[in-house]
2 protein chains.
Amino acid sequence: MTVAMTGTADEALPVYLRGQATEFLRSLRLHRESTTDARGAEESLEAARALRRAARRIGATLHTFRPLLDPEWAAVLRPELAWLRGTLSQEHACAARLTRLLDALHRLSGTPPVPGPALAPLPAAGRRPAGGNGWAQPAPPGAVETGRGSSGLTVGAAKAAALLERQLTLARTRAHSTALQALGSSRFHAVADTIAVLASEVPLTGAADDPKHLAARAEAELADAVAVLPLGQAGHPYNAGALTHGLASEAAPDAQDAPWLKVRSLLRLHRYAQEVLLGHACPDPRVLEAGHALDVHHEAAAAAQAAAHAARTPRIAPATAYALGVLHADQRHEVEAARFAFQQVWQHETAGTR
Amino acid sequence: MTVAMTGTADEALPVYLRGQATEFLRSLRLHRESTTDARGAEESLEAARALRRAARRIGATLHTFRPLLDPEWAAVLRPELAWLRGTLSQEHACAARLTRLLDALHRLSGTPPVPGPALAPLPAAGRRPAGGNGWAQPAPPGAVETGRGSSGLTVGAAKAAALLERQLTLARTRAHSTALQALGSSRFHAVADTIAVLASEVPLTGAADDPKHLAARAEAELADAVAVLPLGQAGHPYNAGALTHGLASEAAPDAQDAPWLKVRSLLRLHRYAQEVLLGHACPDPRVLEAGHALDVHHEAAAAAQAAAHAARTPRIAPATAYALGVLHADQRHEVEAARFAFQQVWQHETAGTR
């Protein structure tokens, strides 16, 4: 990111948005131009990540600083960016979830996975293989997770690994197709055109609101959301809170995770608002640590859910179901550990004892 | 316990052993005399507990202070006390394990069990029902765990609860019969006769060893065993150490639990040696807290093993196996929590910062 330092808060918003829009366009160009060899595939993956990153920051900025921006323009762009982020993040999320679950199965079996490329690259959009149907082919199942397969696992863990690999690779393949379709759609081109305009011209309202005040409001909303978290419980190690209702209804974990995911979202808004004001990445390591803890919370909760979901596959062997139960509980422990980590960072920040 | 205060360390050993022997005989008498009504059953349970307690202390004292005691006499009595303790503790252990597992299943299902009598009383030995076969009948399965049944549990958890209840009630019933048989055996009567003599006459060698020195040696052995524990890892919450190899071979948890169980045993020897020297219960709360943490370690590890064992029952439903997997991981998590608790107590003790 090459955002110039800004002198006043008033200039900060347009400078930041122009910078992120430029980054969005640069990533998109890199993604389209990436070659089909191994190095090009790596570049394509990195470009897709940078694209999501810029889209996330533009969307968050439109939200936090909305009184300063053309409301009609923002009302059109914001949901489109949300759609884009959601669509582009699914493939990566499925791949990361599978890696997390297979790593956990290996850890639980005492057989560390052979290190290898965890995430196969996303073929570049717009690359048209000769005689193809217009879309690059997704990686075949099984080719994805080299080194994290089922070798060395006990029967139940191996079967659980194979089942998860099948289900999450299928989900990933679908997400891949959806992402490629999205990147080739007229809907996406309309978003890209809007961002291209934003890179040179930010539609400000000229309202008198102080950006610092708006950033402070985002921080206050974060503080309010943190205040309702059960931090007292979270700060007590091994409170077994995250696994409560682990065998209850499917929706039970979602209900207890929701306030944490809300804080994760508001912490991002706070972080990006700080970036706007400062003109560079947020330098507060505690914000980054807290954000990392909540990212782990998010990923472990989704992985636990994937294990529970796989266990409901009809006609699986009891040994497979048992391994998936152990795996589910293990990932819910990671959720609890992430809450503890967040509490440690946050209490230290608030108490100023660190 | 009504052990008299002692003036010197030399008198302490015979006073303590006579006191524990008297307690052993008193408990045995109470156990035999307990009536068949509800109050009598409660008394019988309490008497059995006191009997195990005294047997444990006499056995430990024979070990720690062996240079001061007639070696031939001690060599005969010690294994007999170990046999008695092992035999008498099994029924209680099975019942406590079932209670722990059913409570955990309710917690994991978000349906707290209705409080009720957890452990049904052990019918008194020597009570001969008219027309019976000479042994009191064990409680019928299902009558044991009122209030901790499967109501309110989801299908998998309910089936897991029913399976565990069946298996552990069977084990308990067998342990009950074995204990009654033991208490009526000539082998037991020989032990009781030896203890009756001990209550008035302790076979000392007159050796010059200082009891304080022997107690210090027990403490040093404890310190050596603690030194090989992975306390650095244990002090880091959510290290996931106890669940490592949770899906590996059956023997894997035993191997990592062994050094902790050894410390539990040596901590008891230390505690009872302190009782001998002081003439009263060990007043150090940290020894009691550390001992409690290791008791939880022991119980949770055995419960986790019982859940894993139940999951290997042929032809169980996948939902049952899944619930048992979650339960196994939950109990291994309790093992890890117990290690953390022990580390906290022990480091504070050593550092003297508490």
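This section reports on the structure supplied with the text. (Residues numbered from 1 in each chain as written. Chains lettered and ligands numbered in written order. Predicted model: local features only at pLDDT ≥ 70, side-chain atom pairs only at ≥ 80, totals over all residues. Heavy atoms only, no water.)

1. A closer look at the environment of Asp210 of chain B
Residue and element names in this part refer to chain B.
Thinking step 1. Counting through the fold element by element, Asp210 comes out in the loop between α5 (186-198) and α6 (211-227).
Thinking step 2. Separated by 188 residues in sequence, Asp210 and Thr22 place their C-alpha atoms 25 Å apart.
Thinking step 3. Polar side-chain contacts of Asp210 include one of 2.9 Å to the backbone nitrogen of Lys212. (Helix = DSSP H or I, 4+ residues; strand = E, 2+ residues; numbered from the N terminus. Polar contact = N/O pair within 3.5 Å; in protein donor to acceptor, adjacent residues only side chain to side chain.)

2. Regarding the nonpolar core
Thinking step 1. In terms of nonpolar packing, the biggest core is built from 60 residues, with Leu105, Leu324 and Leu327 of chain A together with Leu105, Leu324 and Leu327 of chain B touching the most fellow members.
Thinking step 2. Secondary-structure elements contributing two or more residues to this core are α3 (71-109), α4 (155-184), α9 (285-311) and α10 (318-351) of chain A together with α3 (71-109), α4 (155-183), α9 (285-311) and α10 (318-351) of chain B.
Thinking step 3. With residues up to four places along the chain from it excluded, the contact list for Leu324 of chain A reads Ala160, Leu163, Leu164, Ala307, Ala310, Ala311 and Ile316 of chain A together with Tyr322 of chain B.
Thinking step 4. Listed in part, the 56 residues of the second largest apolar core include Phe24, Leu62, Leu269 and Val345 of chain B. (Core = buried A, V, L, I, M, F, W, Y, C linked by side-chain atoms within 4.5 Å. Buried < 20%, exposed > 50% of the residue type's maximum accessible area, 1.4 Å probe, protein only. Contact = heavy atoms within 4.5 Å.)

3. A word on the side chain of His270 of chain A
All names here are of chain A.
Thinking step 1. Position of His270 relative to the elements: it lies in helix α8 (residues 251-278).
Thinking step 2. The buried category is assigned to His270, whose relative accessible area is 7%.
Thinking step 3. Setting aside anything within four residues of it in sequence, one finds His270 in contact with Glu219, Leu222 and Val287.

4. Comments concerning the packing of aromatic side chains
Thinking step 1. Going through the model one piece at a time under the given rule, you end up with 7 aromatic pairs over all chains.
Thinking step 2. Connected via pairs of aromatic rings, a cluster forms that spans Tyr238 and Phe340 of chain A together with Tyr238 and Phe340 of chain B.
Thinking step 3. The ring of Trp83 of chain A has Arg187 of chain A sitting right over it, with the charged end atom 4.0 Å from the ring centre. (Phe/Tyr/Trp six-rings, centres within 6.5 Å; stacked < 30°, edge-to-face > 60°. Lys NZ or Arg CZ within 6 Å of the ring centre and 35° of its normal.)

5. Brief notes about the relation of the copies chain A and chain B
Thinking step 1. Superposing chain A onto chain B takes a rotation of 180° combined with a translation of 0.0 Å along the rotation axis, leaving an RMSD of 0.0 Å. The operation mapping one copy onto its partner corresponds to a two-fold rotation axis.
Thinking step 2. A high fraction, 100%, of the interface residues of chain A reappear at the interface in chain B, so the copies pair face to face through one surface. (Least-squares fit on C-alpha atoms with pLDDT ≥ 70 in both.)

6. Considering the pattern of salt bridges
Thinking step 1. All told, the structure shown has 25 salt bridges over all chains when counted by the stated rule.
Thinking step 2. Among the salt bridges present, the one from Asp330 of chain A reaches Arg107 of chain A, with a minimum N-O distance of 2.9 Å. Linking Asp330 of chain A in helix α10 with Arg107 of chain A in helix α3, this pair joins segments that are 223 residues apart in sequence.
Thinking step 3. Relative accessible area serves as the criterion here: at 26%, Arg107 of chain A is assigned to the partly exposed category.
Thinking step 4. Linking Arg286 of chain B and Asp284 of chain B is a salt bridge whose minimum nitrogen-to-oxygen distance equals 3.6 Å.
Thinking step 5. When salt bridges that share partners are traced, they join Arg100, Arg107, Asp330 and Glu334 of chain A into one network. (Salt bridge = Lys/Arg side-chain N within 4 Å of Asp/Glu carboxyl O.)

7. Quick word on unusual backbone geometry
Keep in mind that most residues, glycine aside, have a negative phi and that most peptide bonds are trans.
Thinking step 1. Positive phi, normally seen in glycine, also occurs at Ala240 of chain A, with a value near 60°.
Thinking step 2. By relative accessible area, which is 13% here, Ala240 of chain A ends up buried.
Thinking step 3. Despite not being glycine, Arg315 of chain B has its phi angle at roughly 65°, a positive value.
Thinking step 4. Summarising the element assignment, Arg315 of chain B is placed in the loop between α9 and α10.
Thinking step 5. According to the relative accessible area criterion, Arg315 of chain B is exposed, its value standing at 80%.

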